[in-house]
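Structural description and commentary
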Amino acid sequence: MAYSEKVIDHYANPKNVGTLDKSKTNVGTGLVGAPECGDVMRLQIEVDQESGIISDAKFKTFGCGSAIASSSLATEWLKGKTVDQALAIDNMDIVEELNLPPVKIHCSVLAEDAIKAAINDYRVKNGLPELTAEKA
Amino acid sequence: MDLKLPIYLDNNATTPMDPRVLEAMLPYFVEKFGNAASRNHSFGWVAEEAVDYAREQVAKLINADAKEIIFTSGATESDNLALKGVFEMYASKGNHIITCTTEHKAVLDSCKHIEKLGGQVTYLQVQADGLVDLGELEKAITDKTILIAIMYGNNEIGVIQDVKGISQIARKHGVLFFSDATQAVGKVPVDVMADGIDLMAFSGHKMYGPKGVGALYVRRKNPRVKVTSQMDGGGHERGMRSGTLNVPSIAGFGKACEICMNEMADEAKRLSKMRDRLEAALSELEESYVNGNKDHRLPHTTNISFKYVEGEGLMMGFNKNIALSSGSACTSASLEPSYVLKALGLGDDLAHSSLRFGLGRFTTDEQIDFTIDAVKGTVTKLREMSPLWEMFKEGVDINAIEWAHH
Ligand SMILES: Cc1ncc(COP(=O)(O)O)c(C=O)c1O
Ligand code: FES
């Protein structure tokens, strides 16, 4: 199956690969997927606590090209958004932007899950209630 | 020599056809188009002659008699015919078949079909190196056992089974021995007499011949073996496989066998040297593992897992220039990683991280150099991007993490 140009571009030049200090209270970490399934995504956000804006985002992904591209794109989108705005990112936005074929939708779902997991981690660290499955 | 791109390293999936094979086939499309079963005119005789000649070429490569070669549409059909044909033919003797978990789907799914018809099938687990344990095999034999079906060389890992050891056990218990030798014939010396094989499947397109043609070897002496036809009709191929013979492809298949006969020894030496060089260079990468027994293996195949990177993501790093295949699920329609690698006891993570390199007649040293650099570079780059690699480097026990499975 051929990859879209955007996937290839993110794969060749991934944005925001790296690691944030997960011990900081203003850093939220989401680790989703499983090695057995062939995909693990770790996505981190750093929040400017005065403005509530995500000032930095990093990822590392074990998975196919679409999973790498989805997480790279997600970190680009996260930066500059407030945490609440970030919650609104939907996996179908990623599918559309990257032209993912149906068999690769789960890679984008993983990215959405990773965003929500990172936000939840941030919320719990800062004394906010964890968002429930439907809301999250 | 110049580097020729793209590089084809998926020769276990199919091989390019040798131009000499094409040449042997060409006369039989337009000019010599006859039906080999037409007994009453020269068109038929010419076609029959071509088939007879090819049958000799094919038989010679495996040390069989020409009469023991049944032409089919390929190894899938040969596997079906051997298993279902023996099951039907020997129904009065028993209904039990022994096979193993790393067989090709054509064998495993034929066995599943036989189970539905009331047959009993034992699927032997293989050892961690991919070899069948002969003690286990012998223990599995019952008074109802009619057939042992164990492949010669495995398509994914290249492991060659102890075929002689298996045939001795089969003989001792009066059980027939069928081997799917699709990956082995033409690559390593296969000798149905010395190996003690009663039925054997192989295919043209894995040995530089055309697609859509193959053979089933069916022993005629000591013991005389018969299979019930799975394709009924005009009674071709001694009644075991009806259908007008595919003369051009059969002529090509014969030529492919003849070329292998003459060149196999040198080719195997050349390819195993290249394969070993590739394997040694890639094994320099930390946490890389060669899958399957390294001493009993096809000369042109290696299967390597690069832990903490996923196979499909890995291939994307170079698949513009290099064609090969991965045991990872994401490359196939199913979401399960390779059942062959899992049968060796590999965790899903290692199975997802594997690449299969299948060298072939037209592979060059320059191509191997290019491949080494490309794979090494991509593995290194993707590990920098892999959360699992980071955890491994920090000493985190990945197995202790509670992963959310989906
Ligand atoms: C071991 C083995 N058996 C059977 C087959 C099927 O062969 P064919 O494509 O000729 O049907 C293959 C090829 O994929 C194979 O590797
Ligand atoms: S991670 Fe498996 S298909 Fe994308």
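Just above sits the structure.
What this report covers is the structure whose coordinates are included nearby. (Residues numbered from 1 in each chain as written. Chains lettered and ligands numbered in written order. Predicted model: local features only at pLDDT ≥ 70, side-chain atom pairs only at ≥ 80, totals over all residues. Heavy atoms only, no water.)

A short note on the overall build of chain A
Worth spelling out the cut-off: We count a stretch as a helix when DSSP gives it H or I for four or more residues in a row; a strand needs E for two or more, and each element gets its number in order from the N terminus. Based on C-alpha atoms, the radius of gyration is set beside the globule rule, defined as 2.2 Å times the residue count to the power 0.38. When accessible area is computed with a 1.4 Å probe and restricted to protein chains, residues below 20% of their type maximum are described as buried, those above 50% as exposed, and intermediate ones as partly exposed. In this analysis, two residues are considered to be in contact whenever any of their non-hydrogen atoms come within 4.5 Å of each other. Computed with a 1.4 Å probe, the accessible areas rest on the Shrake-Rupley method; for each residue, only the protein chains presented here act as cover. Here Asp and Glu are counted as negative and Lys and Arg as positive; His is not counted, and neither are the chain ends. Taken as the charge centre is NZ of Lys, CZ of Arg, CG of Asp or CD of Glu, depending on the residue.
What chain A contains, in helices and strands, is five helices and three strands. Each helix (α) and strand (β) of chain A, taken in turn from the N terminus, gives the series α-β-β-β-α-α-α-α. Compactness check: chain A gives a C-alpha radius of gyration of 14 Å against a globular reference of 14 Å for 136 residues, within 12% of the reference. The C-alpha extent of chain A, read off along each of the three principal axes, is 45 × 30 × 25 Å. Per-residue burial over chain A gives 54% buried out of 136 residues. For chain A, the proportion of contacts with a sequence separation of at least 24, taken over those separated by at least 6, is 59%. A total accessible area of about 5800 Å² is found for chain A, and carbon and sulfur atoms account for 50% of it. Computed over 14 positive and 20 negative side-chain charges, the inter-centroid distance for chain A is 4 Å.

Quick word on unusual backbone geometry
Residue and element names in this part refer to chain B. Cis geometry is adopted by the peptide bond preceding Pro-6, which originates at Leu-5 and carries an omega value of -10°. Relative to the helices and strands, Pro-6 resides in the segment before β1 (7-8). The peptide bond linking Asn-222 to Pro-223 adopts the cis configuration, its omega dihedral lying at -5°. Tracing the backbone shows Pro-223 in the loop between β8 (214-218) and α8 (247-283). Despite not being glycine, Asn-63 shows a phi value in the positive range, around 60°. Here Asn-63 lies in the loop between α2 (42-61) and β2 (69-72). On the basis of relative accessible area, Asn-63 is assigned to the partly exposed category, the value being 37%. Even without glycine at this site, Glu-237 takes up a positive phi of about 50°. Within the fold, Glu-237 resides in the loop between β8 and α8. Judged by relative accessible area, Glu-237 falls into the buried class, the value being 8%.

A look at the pattern of salt bridges
Note the threshold: Basic side-chain nitrogens of Lys or Arg form a salt bridge, by our definition, when they fall within 4 Å of a carboxyl oxygen of Asp or Glu.
According to the stated counting rule, one finds 29 salt bridges over all chains in the structure shown. As a salt-bridge pair, Lys60(A) and Glu390(B) come within 2.9 Å of each other at their nearest N and O atoms. Remark: Glu390(B) occurs in helix α13 (residues 387-393) and Lys60(A) occurs in strand β3 (residues 53-62); the pair is interchain, linking two chains. For the pair shown, Lys60(A) and Glu390(B) are each scored as buried. One salt bridge in this structure joins Lys172(B) and Glu138(B), with 2.6 Å as the shortest N-O distance. Placement of the pair is Lys172(B) in helix α6 (residues 163-172) and Glu138(B) in helix α5 (residues 134-140), with a sequence separation of 34 residues. Taking relative accessible area as the criterion, Glu138(B) reaches 25% and is therefore assigned partly exposed. Through salt bridges with shared partners, a single ionic network connects Asp18(B), Arg20(B), Glu263(B), Glu267(B) and Arg361(B).

Examining the packing of aromatic side chains
Residue and element names in this part refer to chain B. The test is simple: Planes of paired rings set the category: under 30 degrees apart is stacked, over 60 is edge-to-face and the rest tilted, where pairs are Phe, Tyr or Trp rings (Trp by its six-membered ring) whose centres lie within 6.5 Å. Whether a charge sits over a ring depends on NZ of Lys or CZ of Arg being within 6 Å of the ring centre and within 35 degrees of the ring normal.
Counted by the stated rule, this structure contains seven aromatic pairs over all chains. Aromatic side chains Phe-33 and Phe-43 sit 5.3 Å apart centroid to centroid with 35° between the ring planes, which places their arrangement in the tilted category. Pair noted here: Phe-33 is in the loop between α1 (19-25) and α2 and Phe-43 is in helix α2, with a separation of ten residues, a long-range link. Joined through ring pairs, the aromatic side chains of Phe-71, Phe-202 and Phe-253 make up one cluster. Just above the ring of Tyr-339 sits the side chain of Lys-105; from NZ or CZ to the centre is 4.3 Å. Between Arg-361 and the ring centre of Tyr-208, over which it is positioned, the NZ or CZ distance is 4.0 Å.

Remarks on the interface of chain A and chain B
The following threshold applies: Once two parts are brought into contact, the accessible area they lose, counted with a 1.4 Å probe and summed over both, makes up the buried area.
Listed per partner, the contact involves 28 residues of chain A and 30 residues of chain B. Approximately 2500 Å² of surface area, both sides summed, lies buried where chain A meets chain B, with 65% of it carried by carbon and sulfur atoms. Contact with chain B buries surface across chain A, with Tyr11(A), Glu36(A) and Phe62(A) losing the most and accounting together for 28% of the total. At the junction of chain A and chain B, the tally comes to three salt bridges.

These figures capture arrangement, not role.
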